[in-house]
Amino acid sequence: MKRDHYRMVINGERVDSDETFETFNPAKGEILATVAKASREHAEKAVQAARHAFDHGKWRKYPVGKRARVLNQIAAIMRERFQELVEIEVLNSGKAISAAQAQINQAIEDFEFYAGAIVGHRGTVNNVPNGFLNYTQKEPVGVCAQIIPWNYPLMMAAWKVAPALAAGCSVVVKPASLTPITAILLNEICHEAGVPEGVVNTVAGAGSVVGDYLVGHEDVNKVAFTGSTPIGKDIMEKASHTLKRVTLELGGKSPNLVFADADMEAAVAGSLFGIYFNTGQSCEARSRLFVHEEIYDEFIEEFITRAKKLQLGDPFDKGTHVGSIISRDQLEIIDSYVRSAEEEGATIALGGKERRVEGFENGHWYEPTVITNVTPDMKAVQEEIFGPVVVVETFQDEREVIKRANDTKFGLGSAIWTKDQGRATRVAHQLEAGIVMVNCPFSAFPGTPFGGYKESGFGRELCVETLDLYMEDKSILSYYGPKPINPFGV
Ligand code: NAP
Ligand code: MG
């Protein structure tokens, strides 16, 4: 099961390094394993392996049906090793086991989804005058650097690796330093399933070293990144030097709108899940709650009553709702946002402090937190906190709340709770967000495009269209007429 040491994967080999780093179990604050630390030289080797596999290897030349079979085989092995993957994900991330199970199930479904999608994905025969046969075929974009965050270590790797493999690309995966293990296991599973050597490589090392090197590399054709908005901007700028294709899935500050006619039961339950699932460490966490003034008191009382019932503790306990925070640094960032809101005059209506959890005293735990009496200019209202903290505001009417919901630089998720279908549709069409959840707590299904407006990034993942972001369109213009064409007439 869990090993004491993990190596990187380059060209089908498990590779060690002179340097190692420790990876932790954040729920306990204990060292979990050591990991071979990639340097620029390792990143270079990984790029060369991916380049060679792409330029001279067979993966991209396989009939799509054969690539699809391998993707399905990856899914099948992940299913066989489900318990192990869940256990390691929980140990390395501190998330509640129910969350890890859902996410790893989805990672498996992503491979199955793209196995199906690639078979039906095709180019076009273009409409042209008689004598010409013009068609556009889709070709894999090349070598892709895929940079993964720590909040969904395996699922985010699946969102990137599955469409890239389906398209025929080769990849170099750079997992987050805090959670490198399951991405390394995924790479091993890809080989076991029949992905040829060099097509998938995984180098765990510092983002500022390894990630940066991949983004600047001339032999890398595309970079797909999920993480913070500042690093996303930095990547886009660096990628411009070689005009790499770029997909960015960045931060959020997603509004959650509860109208006076909402089904109270569904709205409270869905809003709780919207902020506290995955311990609030989610890019589309619905972290700005807007409640209509007519139902505000009743809603908040019920929301807080239920938030108090959320169980924090042993992530392996099936009854646990909220896991640990990923690291001490992240906990301090979360707390500093709460303190800043307090200093600016907001009310901490629930939580707002670290929680000591019996048996997990050295872990990083934060109380589910509710902040009320906020104003739009507060730091905690504008910036992404990335923890179990919701800020609550009231509103009076539809137009006003749309304007305020859109008053953010981000545009990833959003949610609407109302029984009025007309209102739901009107509001959904005006929200500046890539995802709108209507009376629905869930935000991601394979097949449904996922991604952001504004500074939440661009490019959609998890959908058929993602395949096009891993492909180039090549138009082939051919003439079959009997007479030669002489455009100059000379
Ligand atoms: P981050 O710094 O953006 O890191 C995300 C990934 O990018 C990691 O693999 C990281 O490697 C790598 N990276 C860091 N600097 C890089 C660089 N200069 N060039 C290329 N790659 C680089 O995010 P974080 O530090 O883990 O978290 C900070 C904040 O980001 C969070 O508080 C949250 O607001 C946001 N965040 C958002 C998401 C999301 O899903 N949208 C996910 C995670 C974090 P290392 O791990 O080695 O640094
Ligand atoms: Mg960082």
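Numbers given to residues run from 1 along each chain, matching the order in which its sequence is written. Both sets of labels track the order of writing: A upward for chains, 1 upward for ligands. Residues qualify for local features only when their pLDDT is at least 70, as the model is predicted, and side-chain atom pairs are given and counted only at 80 or more; totals for whole chains, interfaces and linings, by contrast, use all residues. Water and hydrogen atoms were dropped before computing side-chain values, which therefore reflect all heavy atoms in the structure.

Structural notes on the UniProt feature "domain: Aldehyde dehydrogenase" (unreviewed entry) in the protein chain
Link 1 in the chain: UniProt positions are given in the numbering used here, feature names are shortened, and annotations may be inferred rather than shown by experiment. Here, UniProt's "domain: Aldehyde dehydrogenase" (unreviewed entry) annotation points to residues 17–476.
Link 2 in the chain: Note on conventions: DSSP H or I runs of at least 4 residues are helices, E runs of at least 2 residues are strands, and numbering of each starts at the N terminus. For residues 17–476, helix accounts for 41% and strand for 18%, while the C-alpha atoms at its two ends are 46 Å apart.

Some points on the UniProt feature "active site" (unreviewed entry) in the protein chain
Link 1 in the chain: Residues given the UniProt feature "active site" (unreviewed entry) here are Glu249.
Link 2 in the chain: By secondary structure assignment, the location of Glu249 is in strand 12 (residues 245–249).
Link 3 in the chain: A relative accessible area of 1% means that Glu249 is categorised as buried.
Link 4 in the chain: Setting aside anything within four residues of it in sequence, one finds Glu249 in contact with Met156, Trp159, Phe225, Thr226, Gly227, Cys283, Leu412, Phe450, Ser456 and Glu461. For the exposure calls, accessible area comes from a 1.4 Å probe over protein chains only, and a residue counts as buried if that area is under 20% of its type's maximum, exposed if over 50%, partly exposed in between. Contact definition: two residues touch when any of their heavy atoms are within 4.5 Å.

Focus on the sheet that holds strand 18 (residues 415–417)
Link 1 in the chain: A pair of strands is considered paired only if DSSP assigns at least 2 bridges between the two. Pairing in this open sheet of seven strands is mixed, and the strands run 15-16-17-14-13-18-19 from one edge to the other. Because the sheet does not close on itself, it has two edges, and the strands there are strand 15 (347–350) and strand 19 (437–438).
Link 2 in the chain: Pairing of strand 14 (residues 288–292) with strand 17 (residues 389–395) involves five bridges; the strand directions are parallel. Looking at strand 17, one finds that His292 is bridged to Phe395.

Focus on the pattern of salt bridges
Link 1 in the chain: For this document, the term salt bridge refers to a Lys or Arg side-chain nitrogen within 4 Å of an Asp or Glu carboxyl oxygen. Inspection of the entire model under this criterion finds 27 salt bridges.
Link 2 in the chain: Residue Glu342 pairs with Arg339 through a salt bridge whose shortest N-O separation is 2.9 Å. In this pair, Glu342 and Arg339 are both assigned in helix 11 (residues 328–343), three residues apart and thus about one turn of the helix distant.
Link 3 in the chain: Taking the relative accessible area as the measure of exposure, Glu342 reaches 39% and is therefore partly exposed.

Details of the site of ligand 1
Link 1 in the chain: Here a residue is considered near a molecule or strand provided that any single heavy atom belonging to it is located within 4 Å of it. As a matter of local geometry, ligand 1 sits amid 29 residues, with Trp150, Lys174, Ser177, Ser228 and Glu384 nearest to it.
Link 2 in the chain: Between ligand 1 and the protein, one listed contact pairs an oxygen atom with a backbone N or O atom of Ile148 at 2.8 Å.
Link 3 in the chain: Per-residue and other accessible areas were derived by the Shrake-Rupley procedure at a 1.4 Å probe size, with only the shown protein chains allowed to occlude residues. Contact with the protein chains hides 84% of the accessible area of ligand 1, taken as 860 Å² for the molecule alone.
Link 4 in the chain: For the shell around ligand 1, the secondary structure elements donating two or more residues are helix 7 (207–216), strand 11 (222–226) and helix 8 (229–240).
Link 5 in the chain: For the shell around ligand 1, the element with the highest residue contribution is helix 7, accounting for four residues.
Link 6 in the chain: Residues are grouped as follows: nonpolar covers Ala, Val, Leu, Ile, Met, Phe, Trp, Tyr, Cys and Pro; charged covers Asp, Glu, Lys and Arg; every other residue, Gly included, is treated as polar. Partitioning the shell around ligand 1 into residue classes produces 13 nonpolar, 11 polar and five charged. Pairing of N or O atoms within 3.5 Å defines a polar contact, subject to two protein rules: one partner must be a possible hydrogen donor and the other a possible acceptor, and residues neighboring in sequence count only if both atoms are side-chain atoms.

A word on the sheet that holds strand 6 (residues 124–126)
Sheet strands line up and pair through hydrogen bonds in the backbone, either parallel or antiparallel.
Link 1 in the chain: In space, the three strands of this open sheet follow the order 6-7-21, with antiparallel pairing throughout. Edge positions in the open sheet fall to strand 6 and strand 21 (471–479), since each of these has one partner strand only. Taken pair by pair, the neighbouring strands of this sheet meet at an average axis angle of 25°, ignoring direction.
Link 2 in the chain: Direction of pairing for strand 7 (residues 132–140) relative to strand 21: antiparallel, over a ladder of nine bridges. Bridged to Pro140 within strand 21 is Met471. Helix axes use the C-alpha atoms of the stretch in contact, all axes being lines fitted to C-alpha atoms, and the angles between their N-to-C directions lie in the range 0 to 180 degrees.

So, helix 14 (residues 421–430)
Link 1 in the chain: Buried within helix 14 we find Ala424, Val427 and Ala428. Considered in projection along helix 14, the buried side chains sweep an arc of 105° and stay on one side of the axis.
Link 2 in the chain: Where helix 14 is buried, its residues contact strand 13 (255–258), helix 13 (398–405), strand 18 and strand 19.
Link 3 in the chain: Where helix 14 begins, the capping side chain belongs to Asp420, and its oxygen is found 2.9 Å from the backbone nitrogen of Gly422. Note that the arc is computed from the directions linking the helix axis to the C-beta atoms.

What to know about a nonpolar patch on the surface
Link 1 in the chain: Together, Val125, Leu133, Tyr135 and Tyr480 make up an exposed nonpolar region whose accessible area comes to about 400 Å².
Link 2 in the chain: Relative to the helices and strands, Tyr480 is located in the segment after strand 21. Only residues above 30% relative accessible area that lack a salt bridge enter a patch, with like-charged residues linked at up to 9 Å and the nonpolar side chains Val, Leu, Ile, Met, Phe, Trp and Tyr linked at up to 5 Å.

Overview of the pairing of strand 7
Link 1 in the chain: Relative to strand 7, strand 6 runs antiparallel, the two being bridged by three bridges. In the strand pairing of strand 7, Thr124 is matched with Thr136.
Link 2 in the chain: The hairpin formed by strand 6 and strand 7 contains five residues between the paired strands, and Gly131 there has a positive phi angle of roughly 100°.

Some points on the packing of aromatic side chains
Link 1 in the chain: Each pair of aromatic rings taken from Phe, Tyr and Trp, with Trp reduced to its six-membered ring, is defined by centres within 6.5 Å and is described as stacked if the planes are under 30 degrees apart, edge-to-face if over 60, and tilted in the remaining cases. Scanning the entire structure with this criterion turns up 11 aromatic pairs.
Link 2 in the chain: Measuring from centroid to centroid gives 4.9 Å for Trp159 and Phe450, while their planes differ by 70°, and the two rings are edge-to-face. With Trp159 in helix 5 (residues 153–167) and Phe450 in the loop between strand 19 and strand 20 (457–458), this pair connects stretches of sequence that are 291 residues apart.
Link 3 in the chain: Cluster of aromatic residues (ring-pair linked, three or more members): Phe273, Phe277 and Phe442.
Link 4 in the chain: In this arrangement the basic side chain of Lys222 is found over the ring face of Tyr470, its NZ or CZ atom lying 4.5 Å from the centre. Counted as over-ring charges are cases with an Arg CZ or a Lys NZ within 6 Å of the ring centre that also lie within 35 degrees of the ring normal.

Examining unusual backbone geometry
For residues that are not glycine, phi is negative in most cases, and the peptide bond is trans in most cases.
Link 1 in the chain: Residue Asn373 is not a glycine yet carries a positive backbone phi of 55°.
Link 2 in the chain: Taking the relative accessible area as the measure of exposure, Asn373 reaches 54% and is therefore exposed.
Link 3 in the chain: Not every positive phi belongs to a glycine, and Phe386 is a case in point at roughly 60°.
Link 4 in the chain: For Phe386, the position within the fold is in the loop between helix 12 (379–382) and strand 17.
Link 5 in the chain: Its relative accessible area of 16% is what places Phe386 among the buried residues.

Notes on helix 8
Link 1 in the chain: What a helix is expected to span follows from its residue count: subtract one and scale by 1.5 Å. For helix 8, with 12 residues, the first-to-last C-alpha span of 17 Å sits near the 16 Å given by 1.5 Å per residue.
Link 2 in the chain: Every buried residue of helix 8 is listed here: Thr229, Gly232, Ile235 and Ala239. Buried residues in helix 8, looked at end-on, bunch into an arc of 115°, giving them a common side. More than 90 degrees from the buried face of helix 8, the exposed residues found are Pro230 and Glu237.
Link 3 in the chain: Of the surrounding elements, those touching the buried residues of helix 8 are strand 8 (143–147), helix 7, strand 11 and strand 12.

Let's talk about the packing of helix 3 (residues 82–93) against helix 4 (residues 97–120)
Link 1 in the chain: Contact geometry of helix 3 with helix 4 gives a least axis separation of 9 Å together with a crossing angle of 125°. Classified by the angle their axes make, helix 3 and helix 4 are oblique. The chirality of how helix 3 crosses helix 4 is right-handed. Residue-level contacts link Phe82, Leu85, Val86, Glu89 and Val90 of helix 3 to Ile97, Ala100, Gln101, Ile104, Asn105 and Ile108 of helix 4.
Link 2 in the chain: In the contact of helix 3 with helix 4, the residues fall into eight nonpolar, two polar and one charged. Roughly parallel means an angle under 35 degrees; roughly antiparallel, over 145; roughly perpendicular, 65 to 115; everything else is oblique. Put simply, a crossing is left-handed when the front helix is turned counterclockwise from the back one by less than a right angle, and right-handed when it is turned clockwise.

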